[in-house]
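# Tertiary structure, described
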Amino acid sequence: MNLRLRPETEEALREEARRSGRSQQEIVRAAVDNYLASVPEQPARGTDPLLTTGKVHPPRRPYRRVTPTNHLPEGVRRSLDLLDREDRF
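Residues numbered from 1 in each chain as written. Predicted model: local features only at pLDDT ≥ 70, side-chain atom pairs only at ≥ 80, totals over all residues. Heavy atoms only, no water.

### Some words on the confidence of the model for the protein
Per-chain confidence: the protein averages 84 in pLDDT, with 87% of residues scoring 70 or above. Across the protein, element-level confidence peaks in helix α1 (residues 7-20) with a mean pLDDT of 96 and bottoms out in helix α4 (residues 80-83) with 77. (pLDDT = per-residue confidence, 0-100. Helix = DSSP H or I, 4+ residues; strand = E, 2+ residues; numbered from the N terminus.)

Here it is as C-alpha cells:
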C-alpha cells in the first residue's frame, strides 16, 4: 500500500512521531484501526440499510400505478410555480 498525504498532514504526522517516540507507521496503523472500529458494520451488498436497520418497513403491497387526484390550477405548469408567486414576498 502506498499512502499519499497532504503536505501539512505529513508534517503533523512527522511531528507527532517525533513527540511521541512512535514510528509514523505505528501512528497511522493505530488511526486506521480506531477509524475502522468506529464505523458501523455494513449490511450485505444489495440490501438496503434502511430496511435492515428497521428504519423503513418493506412495502405491504407491490407497486401499483397511482392516478393523480390533485391537479394544478389553469395556467400553472409545475408545482414550483406555486412557490414563486410575487404576492408571497
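### Details of the packing of α1 against helix α2 (residues 24-38)
One can describe the packing of α1 onto α2 by two numbers: an axis separation of 9 Å at closest approach and a directional angle of 105°. By the criterion of interaxial angle, the relationship of α1 to α2 is roughly perpendicular. Counting all contacts with α1, which are made through Leu13, Arg14, Glu16, Ala17 and Ser20, the residues of α2 involved are Gln24, Ile27 and Val28. Residues belonging to the contact of α1 with α2 are distributed by class as follows: four nonpolar, two polar and two charged. (Axes fitted to C-alpha atoms, helices over the stretch in contact; angles between N-to-C directions. Parallel < 35°, antiparallel > 145°, perpendicular 65-115°, else oblique. Contact = heavy atoms within 4.5 Å. Nonpolar A, V, L, I, M, F, W, Y, C, P; charged D, E, K, R; others polar.)

### With respect to a nonpolar patch on the surface
Taken together, the side chains of Met1, Leu3 and Leu5 make up a nonpolar region of the molecular surface, amounting to roughly 370 Å² of accessible area. With respect to the helices, strands and loops of the structure, Met1 is situated in the segment before α1. By relative accessible area, which is 95% here, Met1 ends up exposed. (Patch = residues over 30% accessible without salt bridge, like charges linked within 9 Å, V, L, I, M, F, W, Y side chains within 5 Å. Areas by Shrake-Rupley, 256 points an atom, 1.4 Å probe, with all protein chains shown as cover. Salt bridge = Lys/Arg side-chain N within 4 Å of Asp/Glu carboxyl O. Buried < 20%, exposed > 50% of the residue type's maximum accessible area, 1.4 Å probe, protein only.)

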